[in-house]
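Structural overview
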Amino acid sequence: MGAAGRTRERTRWTRARLGRSGPPLDLLTAHFDQHVYAPHAHDEFTIGVTVGGSEVIAYRGGHIHSYPGSIVVLEPGETHTGGPAATDGYAYQALYAEPSLLTDGTLGGLPHFLDPVLHDPELAAALRAAHTDISTCPDPLEAESRLPWLLTALARRHSTARAGTDTVPGADHIARTVRDRLADELLDPPSLAALATDLGLSRYQLLRAFRTTMGIPPYAWLAQHRVARARVLLASGLRPVEVAGLVGFADQAHLTRWFRRVLGVTPAAYRNSVQDTTG
C-alpha cells in the first residue's frame, strides 16, 4: 500500500502527531479502480484495513488477498505491490507506524507477523474508527491515546511478540497525576510520552494505568472536561465559535462533535435552550 493513484482515483493523506511536538504518523484513505503499485518497501509497518472490494498484494514470494474487514500488516523492508483483485477496485485505510510503536507493551523484540492478512473484526473496527476520527481532526493527544494502544493490541494478538505485564503499581496515583496535568494545560496538553518519562513509565504503562482507573483513555477524559467548561461559557452567552478555542478544541466542528457525544445536543442548541430558560 503506497502513495498516490491516478487522477480519477481517490487518495487522501493526513499527518497526525503523536502528542504535542511528537513524531508524525501518516494516515492514508484510498480507493483505486485500476492503479497498481510498483514494487516498493517502507521503513515503517504498513497497517491497513480493507473497507471495500478486494486487493491482491505480491508479498514474500507469493500473493495475498484482502477483503472487507481484513487487516493487512506489511513489515518494514518487505518489498510488495498492490492492486485491485477485481474490476470493481478496492478501498482501504492505512497507517504507517514506526516499529517502536509495536514494541511498547510487548516482549521479544520486533514483532513478526507470520500471516500478513488478519481476521479480527473487533480490532479492525477499532482501527477504522480511530483512523476516521484522527483523519477528520488530527488532534495530537487523541492520536497518541488511541493509535499506540491499538498497535500494541495488534502486536500482542497476532505477532510473535509476547505480552508484557499489565500490572502498573500505583495506577490510581498515576491516573490522578495525568488527569490533573491535562486539566491544568487543557489548551495545549503535554504529550503522554513526556508525562510517562516524568513518572518513570512507558507510554503503554501510563495508558494502562489511566484506562484502568478512569475507565476511558486520556483524550476522552480531556474532551469531556473541555465540554464541561464549554457548558459554563455557553450558558454565559458566548457563541460556540468563541468557546471552542477557549477550552482547547481545534475548531467549532471539533467542539460540536464532542458536545453531541457527551450531552446529545449541539453547543448552539444547548446555548439557545439555556438562554431561553434564563432569559
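Note that the structure is predicted; figures quoted are calculated from it, not measured.

A few points about the overall build of the protein chain
From N to C terminus, the protein chain includes nine helices and 11 strands. Relative to its length of 279 residues, the protein chain is compact, with a C-alpha radius of gyration of 21 Å against a globular reference of 19 Å. Dimensions of the protein chain along its principal axes, counting C-alpha atoms only, are 70 × 50 × 30 Å. When the accessible surface of the protein chain is totalled, it reaches about 12600 Å², and 52% of it is carbon and sulfur. Taken together, the 27 basic and 28 acidic charged side chains of the protein chain have centroids lying 5 Å from each other.

Looking at the confidence of the model for the protein chain
Summary statistics for the protein chain give a mean pLDDT of 94 and a share of 96% for residues scoring 70 or more. Note that residues 3-7 has pLDDT below 50 and, in this model, 14 contacts with residues that lie over four places away or in other chains.

Some thoughts on the environment of Val227
Note that Val227 resides in helix H6 (residues 218-235). The spatial distance from the C-alpha of Val227 to the C-alpha of Ser273 is 16 Å, given a sequence separation of 46 residues. In this structure, Val227 is in contact with Phe249, Trp258, Phe259, Val262 and Leu263, ignoring residues within four places of it in sequence.

Quick word on the pairing of strand E3 (residues 45-53)
In terms of burial, E3 is largely enclosed, as seven of its nine residues are buried. Relative to strand E8 (residues 90-97), E3 is paired through eight bridges, and the arrangement is antiparallel. Bridging from a neighbouring strand, Val49 pairs with Gln93 of E8. Taken together, the four bridges between E3 and strand E6 (residues 71-74) define a ladder with antiparallel strand orientation. Bridging across to E6, Val49 finds its partner in Ile71.

Quick notes on the packing of aromatic side chains
The full count for this structure, using the stated rule, is nine aromatic pairs. Taking the ring centre of Phe249 as reference, the NZ or CZ of Arg226 above it sits at 5.7 Å. We note Arg261 situated over the ring of Trp258; from NZ or CZ to the ring centre the distance is 4.7 Å.

Some points on the packing of H6 against helix H8 (residues 252-263)
At a closest axis distance of 9 Å, the pairing of H6 and H8 adopts a crossing angle of 95°. Accordingly, the angle class assigned to the pair H6 and H8 is roughly perpendicular. Residues Tyr219, Ala220, Ala223, Gln224, Val227, Ala230, Arg231 and Leu234 of H6 form the contact with H8, whose own contacting residues are Leu255, Trp258, Phe259, Val262 and Leu263. In terms of residue class, the contact of H6 with H8 is built from 11 nonpolar, one polar and one charged.

What about the nonpolar core?
Core analysis: the largest hydrophobic core is formed by 36 residues, its most contacted members being Val178, Leu206, Phe249, Leu255, Trp258 and Phe259. By residue number, the principal contributor to this core is H6, which donates eight residues. When neighbours within four sequence positions are excluded, Leu206 is seen to be in contact with Val178, Leu192, Leu195, Ala196, Leu199 and Leu201. Formed by 27 residues, the second largest nonpolar core is a distinct cluster that contains Leu18, Ile47, Ala130 and Ile134.

A word on empty space enclosed by the protein
Within this structure, the stated rule accounts for three cavities of 30 Å³ or more. Of the voids in this model, the largest cavity is the one considered here, and its volume is about 60 Å³. In terms of lining residues, the largest cavity is bounded by Asp139, Leu141, Glu142, Tyr219, Leu222, Ala223, Arg226, Phe249, His254 and Trp258. For the lining of the largest cavity, the secondary-structure elements that each account for two or more residues are helix H2 (140-158), H6 and H8. A per-class count over the lining of the largest cavity returns six nonpolar, one polar and three charged.

Calculation notes
- Residues numbered from 1 in each chain as written.
- Predicted model: local features only at pLDDT ≥ 70, side-chain atom pairs only at ≥ 80, totals over all residues.
- Heavy atoms only, no water.
- Helix = DSSP H or I, 4+ residues; strand = E, 2+ residues; numbered from the N terminus.
- Rg over C-alpha atoms; globule rule 2.2 N^0.38 Å.
- Areas by Shrake-Rupley, 256 points an atom, 1.4 Å probe, with all protein chains shown as cover.
- Lys, Arg positive; Asp, Glu negative; His and termini not counted.
- Charge placed at Lys NZ, Arg CZ, Asp CG, Glu CD.
- pLDDT = per-residue confidence, 0-100.
- Contact = heavy atoms within 4.5 Å.
- Buried < 20%, exposed > 50% of the residue type's maximum accessible area, 1.4 Å probe, protein only.
- Pairing = 2+ DSSP bridges.
- Phe/Tyr/Trp six-rings, centres within 6.5 Å; stacked < 30°, edge-to-face > 60°.
- Lys NZ or Arg CZ within 6 Å of the ring centre and 35° of its normal.
- Axes fitted to C-alpha atoms, helices over the stretch in contact; angles between N-to-C directions.
- Parallel < 35°, antiparallel > 145°, perpendicular 65-115°, else oblique.
- Nonpolar A, V, L, I, M, F, W, Y, C, P; charged D, E, K, R; others polar.
- Core = buried A, V, L, I, M, F, W, Y, C linked by side-chain atoms within 4.5 Å.
- 1 Å grid on protein atoms, 1.4 Å probe; cavity = no way out; pocket = protein on both sides within 12 Å on 5 of 7 lines; lining within 4 Å.
- Points joined across faces, edges and corners; volume = space filled by probe spheres on them.

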